[in-house]
Amino acid sequence: MEAQRAVESIESKPHLWAVWTAAYAVVGTIVIVVNILTLYTYLKTSSLRTRKHVMVINLVVADLLYGVIAVPATMLHLLNPTITSFYVYKVLNTFLKTASLFTLGVIPVERMHAIIWPIRHRVMNRSVYKIALLIIWISSAVVTAVVALQWSEFWEILKFTPLLLPIIIAGVSVATVTCYVCIWMTVRRRKQRRLPTSAKQDTVTLLLVGGAFLITWGTPVLYLSIAGVCKSCYQLSVRSITGLMLLFAAQSLVNPFIYCFRLPSFKHSLKARIKEI
């Protein structure tokens, strides 16, 4: 059983896992500080507090919650390895990263709608965004619950549940590629109506954010999920998996840095907010 193997591995080398805990503490603190600043910047800047940034703000919230809840849960498991702490940290990690994944699946759809049907997008009711946010978090909770049942081996019919996350990742990837191809074709066709610079920057930036997430989180999860079904595949050690979890935590720092390098408006607003503090 994976949980028992993880607990035994941590208990066998407590000094080594103390070092891992310290690393998580440092990364978690940076994740919290950086994402609090990012969220504060978006909420306090009127030009960034718009409908097109709703999903970006939701992404920041998910990353912030990861630093506040998931990272401490992982540290607690490393310091006090029990079956309960194992499931708590796994559930929180999966729930918040799945919320980010679903958000990144909605973002290209929103961008495509804004560029291909700009007038319809401007008059769209705000309740659509609220419903989308609700669906994202409820879907994340459902996926996490199903995966958690598979981890606990409580429901034998779910033995192929490890493939659920790869299917979702593949679906989000296909949706992202399809939406951005449609955007590209629309922009090329409308040569007389150029896309505003700000809209182009936002679109490319969000594509980079989605790509970075799928590479740093999606790729390892794909391997871990497939290895869970394929017993002949190379199985990572508990130490390697813990290292991947640290990478997942560090991934929550990537988006703010992309915003700084790609969005001048965000960079200037962030500087102004820091001076206020």
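Residues numbered from 1 in each chain as written. Predicted model: local features only at pLDDT ≥ 70, side-chain atom pairs only at ≥ 80, totals over all residues. Heavy atoms only, no water.

Asks: I keep staring at the nonpolar core and nothing clicks. Help me out?
Replies: A general feature of soluble globular proteins is that nonpolar side chains tend to end up buried together. Tyr-24, Tyr-42, Leu-101, Trp-217 and Tyr-259 are the most contacted members of the largest nonpolar core, which totals 62 residues. Counting residues per element, this core draws most heavily on helix H3 (residues 54-79), which supplies 12 residues. Not counting residues within four places of it along the chain, the set of residues in contact with Tyr-259 comprises Thr-38, Tyr-42, Val-56, Leu-59, Val-60, Thr-205, Val-209 and Phe-266. (Core = buried A, V, L, I, M, F, W, Y, C linked by side-chain atoms within 4.5 Å. Buried < 20%, exposed > 50% of the residue type's maximum accessible area, 1.4 Å probe, protein only. Helix = DSSP H or I, 4+ residues; strand = E, 2+ residues; numbered from the N terminus. Contact = heavy atoms within 4.5 Å.)

Asks: Is there a simple way to explain the packing of aromatic side chains in this structure?
Replies: Two descriptors summarise a pair of aromatic rings, namely the distance from one centre to the other and the angle between the planes of the rings. Counting across every chain of the model gives 6 aromatic pairs. Between Phe-95 and Trp-137, the ring centres sit 5.6 Å apart and the planes meet at 55°, which makes this aromatic pair tilted. Taken together, the residues Phe-95 in helix H4 (residues 83-116) and Trp-137 in helix H6 (residues 127-152) connect sequence positions 42 residues apart. Between the aromatic rings of Tyr-259 and Phe-266, the centroid separation amounts to 5.6 Å while the plane-to-plane angle is 70°, which identifies the pairing as edge-to-face. In this structure Tyr-259 comes out as buried when scored by relative accessible area, which is 1%. (Phe/Tyr/Trp six-rings, centres within 6.5 Å; stacked < 30°, edge-to-face > 60°.)

Asks: How should I be thinking about the environment of Val-109 in this particular structure?
Replies: Here Val-109 shows up in helix H4. Judged by relative accessible area, which is 39%, Val-109 ranks as partly exposed. Distance from Val-109 to Thr-178, taken between C-alpha atoms, is 9.2 Å for residues 69 residues apart in sequence.

Asks: Looking at this structure, I do not really get the pattern of salt bridges. What am I missing?
Replies: It is possible for side chains bearing opposite charge to pair when their charged atoms get close. Throughout the structure, instances matching the rule amount to 1 salt bridge. A salt bridge links Arg-111 to Glu-110, with the nearest nitrogen and oxygen atoms 3.0 Å apart. Of the residues examined, Glu-110 reaches a relative accessible area of 9% and is grouped as buried. (Salt bridge = Lys/Arg side-chain N within 4 Å of Asp/Glu carboxyl O.)

Asks: Would you mind going over the confidence of the model for the protein with me for this structure?
Replies: Low-pLDDT stretches of the model should not have their predicted coordinates read in fine detail. On average, residues of the protein score 81 in pLDDT, and 82% of them are at 70 or above. Of all secondary-structure elements in the protein, the lowest mean pLDDT belongs to helix H1 (residues 2-12), at 50, while H3 reaches the highest, 90. (pLDDT = per-residue confidence, 0-100.)

Asks: Would you take a moment to explain empty space enclosed by the protein for this structure?
Replies: Any space left empty among the atoms is revealed by the rolling of a water-sized probe across them. Considering all chains together, one arrives at 3 cavities of 30 Å³ or more under this definition. Taken together, Leu-104, Ile-107, Pro-108, Val-172, Thr-176, Tyr-180, Leu-206, Leu-207, Gly-210, Gly-211 and Leu-214 form the lining of the second largest cavity. Among the elements of the structure, H4, helix H7 (164-189) and helix H8 (197-229) are those that each provide at least two residues to the lining of the second largest cavity. A per-element tally of the lining of the second largest cavity places H8 first, with 5 residues. Partitioned by chemical class, the residues of the lining of the second largest cavity number 8 nonpolar, 3 polar and no charged. (1 Å grid on protein atoms, 1.4 Å probe; cavity = no way out; pocket = protein on both sides within 12 Å on 5 of 7 lines; lining within 4 Å. Points joined across faces, edges and corners; volume = space filled by probe spheres on them. Nonpolar A, V, L, I, M, F, W, Y, C, P; charged D, E, K, R; others polar.)

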